[in-house]
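Okay, here's what each chain looks like letter by letter:
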Amino acid sequence: MGGVILYGSPISTCSARVLLCLEEVGAEYQLVPISMPTGEHKKPDHLARNPFGQIPALEDGDLVLFESRAISRYVLRKYKESGTDLLKEGNLAKSAMVDVWLEAESQQYNPAISPIVYQSLFVPKMRGGTPDQAIIDASLEKFKKVLEVYEARLSKSKYLAGDFFSFADLSHFPYTKYLMVTPYASVFESYPHVKAWWKDITSRPAFKKVSAGMLGS
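Residues numbered from 1 in each chain as written. Predicted model: local features only at pLDDT ≥ 70, side-chain atom pairs only at ≥ 80, totals over all residues. Heavy atoms only, no water.

Undergrad: For unusual backbone geometry, give the residues involved together with the corresponding values.
TA: With omega at 10 degrees, the peptide bond leading from Ile55 into Pro56 counts as cis. Tracing the backbone through its elements, the reader meets Pro56 in the loop between helix H2 (44–47) and strand S3 (57–60). At Glu67, a residue that is not glycine, the phi angle is positive and equals roughly 80 degrees. You can see Glu67 is positioned in the loop between strand S4 (63–66) and helix H3 (68–78). Residue classification places Glu67 among the partly exposed positions, given a relative accessible area of 46%. Non-glycine residue Lys88 carries a positive phi angle of around 55 degrees. Within the element layout of this structure, Lys88 appears in the loop between H3 and helix H4 (92–126). (Helix = DSSP H or I, 4+ residues; strand = E, 2+ residues; numbered from the N terminus. Buried < 20%, exposed > 50% of the residue type's maximum accessible area, 1.4 Å probe, protein only.)

Here it is, written out as structure tokens:
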């Protein structure tokens, strides 16, 4: 099979980020499943691809990449000629705004939302444990403060980086998708512009396809 090879799992948030990029640009790719429950990600073959023993990793000929945001940028640059330009690197101002909201996602949004998802979804479903409500409650308060900033931004702009869909929007998908299958999905009800933005981006065919392979679908 031609195209790039992605080593990961469709239920992994980081793998889902890359899969979305591959689907958005219409790339030919092969997904090679890596089982984290069996420790496959810590075995020598995979450590040669990702020395941190995480997923995903991507192979394109002799090039091997790890870290989902870096892989995603590579995919979006490689297949930019497909007509899907999600980085806007031909426009300095637009690309800077994409970068700003990608940083907001990784440094503000993700640290607030991920403990909620981990405790309320991954702990009971994948680890058979009991969620730590204190962690959930503290993270929800942090997340609401982040959502206030997002609500203000999206009240002035259709998408995060501007009036165009970009990687900045896409990168928020994996954890937000999982939040929506937890008891805390209703948090978006207090932020109508965020709610409308989420409805918009999840209507895209690539999002529907990748979502189908994730938990709770």
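Undergrad: Describe H4, and please don't skip the residues or the numbers.
TA: Given a rise of 1.5 Å per residue, 35 residues ought to cover 51 Å, yet the end C-alpha atoms of H4 are separated by just 43 Å, more than 12% below that figure. Largest kink in H4: about 50 degrees, centred on Asn110, with the proline Pro111 one to four residues after it. At the N-terminal end of H4, a side-chain oxygen is found 3.1 Å from the backbone nitrogen of Ala93, two or three residues along, and the residue is Asn91. Backbone geometry just after H4 places Gly128 at a positive phi near 65 degrees. (Expected span 1.5 Å × (residues − 1). Bend = angle between axes of the 7 residues up to and from the residue. Polar contact = N/O pair within 3.5 Å; in protein donor to acceptor, adjacent residues only side chain to side chain.)

Undergrad: How would you summarise the packing of aromatic side chains if you had to cite specific residues and measurements?
TA: Going through the model one piece at a time under the given rule, you end up with 11 aromatic pairs. Their ring planes at 80 degrees and their centres at 5.4 Å tell us that Phe122 and Tyr178 sit as a pair that is edge-to-face. Linking Phe122 in helix H4 with Tyr178 in helix H7 (residues 173–179), this pair joins segments that are 56 residues apart in sequence. Comparing Phe122 with Tyr178, the two get one shared label, buried. Ring geometry for Tyr159 versus Phe165: centroids 6.0 Å apart, planes at 75 degrees, classification edge-to-face. When its relative accessible area of 8% is taken as the criterion, Tyr159 is described as buried. Looking at Phe165, the relative accessible area reads 9%, which means it is buried. Taken together, Trp101, Tyr109, Phe143, Tyr150 and Phe188 form an aromatic cluster joined through their ring pairs. The ring of Phe165 is capped by Arg204, whose NZ or CZ atom sits 3.8 Å from the centre of that ring. (Phe/Tyr/Trp six-rings, centres within 6.5 Å; stacked < 30°, edge-to-face > 60°. Lys NZ or Arg CZ within 6 Å of the ring centre and 35° of its normal.)

By themselves, these figures tell us nothing about what the structure is for.
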